[in-house]
Amino acid sequence: MTGWDRGELDCWRATTVDEVRACVDEARRRGISLYPLSTGLNWGYGSAAPPQAGAVLLDLSGMNRIRNAAEISQANPVAVIEPGVTQRQLHEFLSESCPGLSFNVTGSSVDTSILGNALDRGVGYLGPRREDVFGLEVVTGRGELLRTGFRRLGEDSPLAHAHPYGLGPMLDGLFFQGNYGIVTSACLKLLPRPARSVAVSLALRDVSKLGEFLDGLALLKRLGVMAGVTHVGNQARTRASMMSGISEYLRISCGVAERDLAAEADRALATVAPYEWTSLGGVAGSAAQVKAAIAEVRRVLGGMAKLTVVDDAKLAAGFRLLNPLRNLWPWARANAAAISAIRPLQGLADGRPTDAAITNLLWRYGQPQLPARDLDASGCGLIFINPALPMAGGAVAKVVDAMKAVAAGFGHELYVTLNIETTTSLVAVANLLFDRGDAAAVANARACARALWEYLRSCGLEVYRARADMMEDVVDPQDSFWRTAWALKSVFDPDNLIAPGRYNLARAPDA
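For the structure given in this document, a descriptive report is provided here. Not measured: the values here are computed from a predicted model. (Residues numbered from 1 in each chain as written. Predicted model: local features only at pLDDT ≥ 70, side-chain atom pairs only at ≥ 80, totals over all residues. Heavy atoms only, no water.)

1. A word on the overall build of the protein
- A tally of helices and strands in the protein yields 14 helices and 17 strands.
- Against the 2.2 N^0.38 benchmark of 24 Å for 511 residues, the protein shows a C-alpha radius of gyration of 23 Å, consistent with a compact globule.
- Taken along its principal axes, the extent of the C-alpha atoms in the protein is 70 × 55 × 40 Å.
- For the protein, the residues scored as buried account for 53% of the 511 residues in total.
- Intrachain contacts of the protein at a sequence separation of at least 6 include 72% that bridge at least 24 residues.
- By element, 53% of the accessible surface of the protein is carried by carbon and sulfur atoms, the whole surface being about 21,300 Å².
- Positive and negative side-chain charges in the protein, numbering 52 and 52 respectively, have mean positions lying 5 Å apart. (Helix = DSSP H or I, 4+ residues; strand = E, 2+ residues; numbered from the N terminus. Rg over C-alpha atoms; globule rule 2.2 N^0.38 Å. Buried < 20%, exposed > 50% of the residue type's maximum accessible area, 1.4 Å probe, protein only. Contact = heavy atoms within 4.5 Å. Areas by Shrake-Rupley, 256 points an atom, 1.4 Å probe, with all protein chains shown as cover. Lys, Arg positive; Asp, Glu negative; His and termini not counted. Charge placed at Lys NZ, Arg CZ, Asp CG, Glu CD.)

Now the structure itself:
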């Protein structure tokens with residue numbers, strides 16, 4: 001997917017903890033390394049490709065049990081999940097068995113691993129997934145079984161799945177973007193469904209005020225008015241997210257001919273989303289809390305942005321009103337098409353995963369018939385260059401403008417979402433798209449990605465998630481931080497067996 005891979009690799013599969021331990025023992029005996037995969041759908045970061053050649057893939061997708069399924073309830077909102085548990089699986093389980101609970105979903109495919117994404121510090125629609133996970137069960141590179149927090153007391157302890165901190169040093173963090181062992185299960189915090197939940201969209205009227213806009217959103221985050229993650233996307237991102245849904249509505253419901261479809265979809269998108277930057281975040285709570293929060297959002301940002309508040313009921317009502325008018329009134333047609341495209345995305349803030357983002361990519365590259373999980377089999381090339389940024393609107397706006405200029409120098413449009421992740425920082429999800437079947441396009445995209453990373457480093461910044469092909473550049477053997485990370489490797493994995501080179505030195509540094 002990134003235009004960089006390791007070719008055909010041997011693959012072992014494990015479906016139980018004992019089988020994982022047996023694989024580790026066998027790898028140690030044979031002197032080979034293992035690269036564990038949850039589902040392998042790490043698109044834009046290298047998918048299933050290891051950072052170093054010679055590794056055997058260890059496929060954990062068959063470890064897909066929700067171990068405490070019978071005990072989950074609103075009074076016990078924790079799921080003990082294995083690495084193969086997907087967004088689809090957990091959502092379907094909760095919908096059937098405990099509909100009062102939900103979880104923090106991402107905008108990627110329904111078939112992506114929850115635990116795999118969390119361990120790489122992915123960001124969900126409600127917050128950083130790192131904060132959702134505790135109490136890890138890990139097979140170390142020594143083949144030993146380690147449980148962190150109070151899971152060390154045994155699964156029958158009343159604290160095992162309840163208290164996230166344990167006693168003594170918190171070892172959990174070593175296994176997030178770490179290669180000291182293979183995580184075989186973890187506790188995942190579930191969330192009660194609020195009495196009312198709405199999506200709040202803000203369209204920035206004047207692009208020159210992006211810095212002020214971000215500062216306003218940061219204030220709302222710090223005040224707890226919009227406590228989840230607010231996603232601020234540029235127009236390229238909006239187009240990438242909505243064009244497939246809009247086009248399909250125009251083709252199927254309006255009978256627009258294929259030759260006219262692109263132009264008609266462009267007009268519809270320009271009607272409903274004419275602004276360069278649009279944010280989307282969620283507000284939840286009691287009806288009174290939601291009403292008060294929306295009033296505060298309007299007070300802080302209503303002067304510079306167009307405010308739209310939607311929920312499932314409003315979208316359904318709007319569609320019922322506008323769809324019958326689609327062939328009589330262009331404005332009604334454009335908005336009905338937009339509602340059709342927005343509906344699956346709206347559900348993310350309410351804990352409903354969707355394939356919509358991946359379907360848009362497959363549609364763009366002419367393979368809409370492929371299931372989303374087969375994105376790697378398509379012609380879509382995808383590379384992420386995602387920096388962490390301080391919560392300072394003016395500085396962020398300058399970095400974004402510079403990144404867009406770097407990309408433009410290579411003939412690329414940069415797709416950007418700024419995620420208000422914490423009260424002091426945000427992360428930018430920035431990507432390039434290219435035709436993976438065109439060798440020149442692949443080389444150009446990779447050179448552009450390299451130039452973007454070098455620009456970020458020149459500003460004293462760094463990515464918050466690294467691609468497999470970046471690891472050797474990101475990890476500096478002269479940096480005491482990475483030398484300490486390597487020293488820890490000798491404690492948990494002295495044979496450098498688990499994912500060599502992933503968020504660590506590939507080999508011992510020179511003395």
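Back to the write-up after that little detour.
2. Comments concerning the packing of aromatic side chains
- A complete count under the given rule lists seven aromatic pairs for this structure.
- Taking the centre distance of 5.0 Å and the plane angle of 25 degrees together, the rings of Y45 and F384 count as stacked. Linking Y45 in the loop between β2 (34–37) and β3 (56–59) with F384 in strand β14 (residues 380–384), this pair joins segments that are 339 residues apart in sequence. Across the pair, F384 and Y45 agree in class, each one buried.
- Ring centres of Y249 and F319 lie 6.0 Å apart, and the angle between their planes is 75 degrees; on these two criteria the pair is classed as edge-to-face. Residue Y249 is located in helix α5 (residues 235–252), and its partner F319 is located in helix α8 (residues 312–322); the two are separated by 70 residues in the primary sequence.
- In this structure Y249 comes out as buried when scored by relative accessible area, which is 3%.
- Chaining the aromatic ring pairs together yields one cluster made of F175, Y180 and F492. (Phe/Tyr/Trp six-rings, centres within 6.5 Å; stacked < 30°, edge-to-face > 60°.)

3. Observations regarding the sheet that holds β2
- Pairing in this open sheet of three strands is parallel, and the strands run β1-β3-β2 from one edge to the other. Only two strands of the sheet have a single partner each, and these edge strands are β1 (11–13) and β2. Neighbour to neighbour, the strand axes of the sheet diverge by 30 degrees on average, direction disregarded. (Pairing = 2+ DSSP bridges. Axes fitted to C-alpha atoms, helices over the stretch in contact; angles between N-to-C directions.)

4. Side note on the nonpolar core
- L90, L94, L190, F213 and L418 are the most contacted members of the largest nonpolar core, which totals 93 residues.
- Counting residues per element, this core draws most heavily on helix α12 (residues 439–458), at eight residues.
- For L190, the residues in contact, after removing those within four places along its chain, are I72, P77, V78, A79, L90, L94, L101, S102 and F103.
- The next biggest cluster of nonpolar side chains, apart from the first, holds 24 residues, and it includes M242, M243, Y249 and V310. (Core = buried A, V, L, I, M, F, W, Y, C linked by side-chain atoms within 4.5 Å.)

5. Quick notes on helix α1 (residues 17–30)
- Taking 1.5 Å as the rise per residue, α1 with 14 residues should run 20 Å; its terminal C-alpha atoms sit 20 Å apart, in good agreement.
- Along its buried surface, α1 packs onto β1, β2, β3, β6 (133–140), β7 (145–147) and β8 (181–189).
- Just downstream of α1, G31 is the residue with a positive phi angle, here 70 degrees. (Expected span 1.5 Å × (residues − 1).)

6. Quick look at the side chain of S185
- Structurally, S185 can be placed in strand β8.
- Relative accessible area serves as the criterion here: at 0%, S185 is assigned to the buried category.
- A distance of 3.4 Å separates polar atoms of two side chains, one belonging to S185 and the other to R67.
- Looking at S185, its side chain comes within polar contact range of the side chain of R151, at 3.0 Å.
- When sequence neighbours within four positions are dropped, the list of residues in contact with S185 reads R67, V80, I81, E82, P83, L115, G135, L136, E137 and R151. (Polar contact = N/O pair within 3.5 Å; in protein donor to acceptor, adjacent residues only side chain to side chain.)

7. Focus on the sheet that holds β6
- Strand order in this open sheet of four strands is β4-β8-β6-β7, and the pairing throughout is antiparallel. The strands lining the two open edges of the sheet, one partner per strand, are β4 (78–81) and β7. Between one strand and the next, the sheet's axes are offset by a mean angle of 15 degrees, whatever the strand orientation.
- Direction of pairing for β6 relative to β8: antiparallel, over a ladder of six bridges. Paired with V133 across the strands is L188, a residue of β8.

By themselves, these observations are geometric and do not establish any function.
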